[in-house]
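Coordinates in review
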Amino acid sequence: MAILVTGGAGYIGTHACVELLNSSQEIVVVDNFSNSKQEALNRVRLLTGKDFRFYPADLLDRKSLTSVFSENEIDSVVHFAGLKAVGESAVVPLRYYDNNLTGTINLCEVMREFGVKKLVFSSSATVYGHTNNVPITEEVPLRANNPYGRTKQMIEEMLVDLYESDPTWSIALLRYFNPIGAHESGLIGEDPNGIPNNLMPYIAQVAVGKIRQLHIFGGDYPTKDGTGIRDYIHVTDLANGHLKALNYVRDSTGIQPFNLGTGRGYSVLEVVEAFENATKKHIPYRIVDRRPGDAAVCYANPEKALNELNWVAERNLEQMCRDTWHWQQWNPNGYEKKQLISASGLPYATDYTHIAPHLNQKGHKH
């Protein structure tokens, strides 16, 4: 039996695929490459030494999705696929509603058709909107304040209705806070299109010389240094949260939300300082006007995930910064477009020694 990973070529999806494969799980990946690269999956194969089926399919194409289920014995789904840029969602909201909601509806209908009712859903802390109830627990009312966040909130509500109509479903709603970092190997990481929307890849591109200076949005928040405070979580810790959630849904029925965060907030300037200390790179910055919709303070209470999933974030901010820099330093232009075949028959880029010189040919540390 296999786990279907939708959006498995994306930033969080690739890291989850690595952890799933390393825990001896069989996976099937679906991705339409709207915000990801084929090369990312090649590197997942290199890192794990394992192959898996991949379908270049879109969740809006129900026929293709049905073929995936017809051709594989799937028992559970980890659902990452979706458009994810907050700013873009305000410009083209209908595209976000169509893609994120319709894609999830198609997925759930096909799952139901094939009797697959175990689902881990990639949600977001944006469902909470602005709240003064920090640290944020799962009981805080949902008040998403941008189209992206509202698509996540609507999908959560839709999945609650689905479970209430059929209590044989088992669903985990994982509300991410701020994923940063990269795999410790430096082979996979965040590769945004254009100027990054998120803080850490923006800092990393300044450090590598692609962008002249960091723009910090807002220096007049009611915080200790005037910049916004967020809960940053290492993407590998986040990926491991999906393994724990998958075990949870496989062993139970019901629907439950879980915060995935560290429970500690850092300001933008604290992150900049941590990155400079970890990498010895100076990050020039300029404080500009706030962005509409940004909250002053947002960090998680992750106790429920600890108590019910036996999950806790293990990596600190220094490691998040260091791993981000390894990825950006060895991949200044993101994923390279090479696709050759290794001696083992697995496709991967021909030579990674310039990307991660501390790895041997099989992708493992010396």
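Before reading on, note that the structure itself is shown above.
A short tour of the structure in this document, coming up. (Residues numbered from 1 in each chain as written. Predicted model: local features only at pLDDT ≥ 70, side-chain atom pairs only at ≥ 80, totals over all residues. Heavy atoms only, no water.)

**Some details on the nonpolar core**
The biggest cluster of nonpolar side chains holds 43 residues, and the ones touching the most others in it are Val5, Ile27, Val29, Leu174 and Leu260. Residues within four places of Ile27 in sequence aside, it is in contact with Ile3, Val5, Cys17, Leu20, Leu21, Phe52 and Arg53. In this structure, Ala57, Leu59, Leu65 and Leu173 belong to the second largest nonpolar core, which totals 27 residues. (Core = buried A, V, L, I, M, F, W, Y, C linked by side-chain atoms within 4.5 Å. Buried < 20%, exposed > 50% of the residue type's maximum accessible area, 1.4 Å probe, protein only. Contact = heavy atoms within 4.5 Å.)

**As for the packing of helix α5 (residues 93-113) against helix α6 (residues 147-165)**
Two elements in contact, α5 and α6, have axes separated by 9 Å at closest approach and are oriented at 25°. Here α6 runs roughly parallel to α5, going by the angle between their axes. Where α5 crosses over α6, the handedness of that crossing is right-handed. Contact residues: Pro93, Tyr96, Tyr97, Asn100, Leu101, Thr104, Ile105, Cys108 and Arg112 in α5; Pro147, Tyr148, Arg150, Thr151, Met154, Ile155, Met158, Leu159 and Leu162 in α6. (Axes fitted to C-alpha atoms, helices over the stretch in contact; angles between N-to-C directions. Helix = DSSP H or I, 4+ residues; strand = E, 2+ residues; numbered from the N terminus. Parallel < 35°, antiparallel > 145°, perpendicular 65-115°, else oblique. Left-handed = near helix turned anticlockwise from the far one by under 90°.)

**Some words on helix α7 (residues 199-207)**
The buried fraction of α7 amounts to 9 of the 9 residues, a majority that puts the element mostly inside the structure. Buried residues of α7: Leu199, Met200, Pro201, Tyr202, Ile203, Ala204, Gln205, Val206 and Ala207, and no others. Buried-residue contacts for α7 involve β7 (178-180), β8 (214-217), β10 (232-234), α9 (268-279) and α11 (317-330). Just downstream of α7, Gly209 is the residue with a positive phi angle, here 95°.

**Points about unusual backbone geometry**
Looking along the chain, the bond that leaves Val134 and enters Pro135 is cis, with omega of -5°. The residue Pro135 is located in the loop between β5 (118-124) and α6 in this model. Positive phi, normally seen in glycine, also occurs at Lys280, with a value near 60°. Here Lys280 is to be found in the loop between α9 and β13 (285-288). The class of Lys280 is exposed, set by a relative accessible area of 72%.

**Let's talk about the sheet that holds strand β12 (residues 266-267)**
Ordered in space as β12-β9-β14, the 3 strands form an open sheet in which the pairing is mixed. Only two strands of the sheet have a single partner each, and these edge strands are β12 and β14 (297-298). (Pairing = 2+ DSSP bridges.)

**Considerations on the sheet that holds strand β3 (residues 53-55)**
An order of β3-β2-β1-β4-β5-β6-β11 is seen for the 7 strands of this open sheet, with the pairing classed as parallel. Single-partner strands in this sheet number two, and they are β3 and β11 (254-260). Taking the axes of each pair of neighbouring strands and ignoring which way they run, one obtains an average angle of 15° across the sheet. Of the strand pairs in this sheet, β5 and strand β6 (residues 170-176) are connected by 7 bridges, and their pairing is parallel. Looking at β6, one finds that Ser123 is bridged to Arg175.

**A word on the pairing of β5**
Counting buried residues along β5, 7 of its 7 residues qualify, which places the element largely inside the surrounding structure. Across the two faces of β5 the burial is the same, with Lys118, Val120, Ser122 and Ser124 and Leu119, Phe121 and Ser123 all buried. Sheet topology places strand β4 (residues 74-79) next to β5; 3 bridges connect them, and they run parallel. Pairing of His79 across the sheet is with Phe121, part of β5. Tracing the backbone out of β5, into α6 and back to the parallel element β6 gives a crossover that is right-handed. (Right-handed = clockwise from strand over helix to strand, strands pointing away.)

**Points about the pairing of β4**
For β4, the buried fraction is high: 5 of the 6 residues fall into the buried class. When strand β1 (residues 2-6) meets β4, the two strands line up parallel, connected through 5 bridges. By the bridge assignment, Leu4 is partnered in β4 with Val77.

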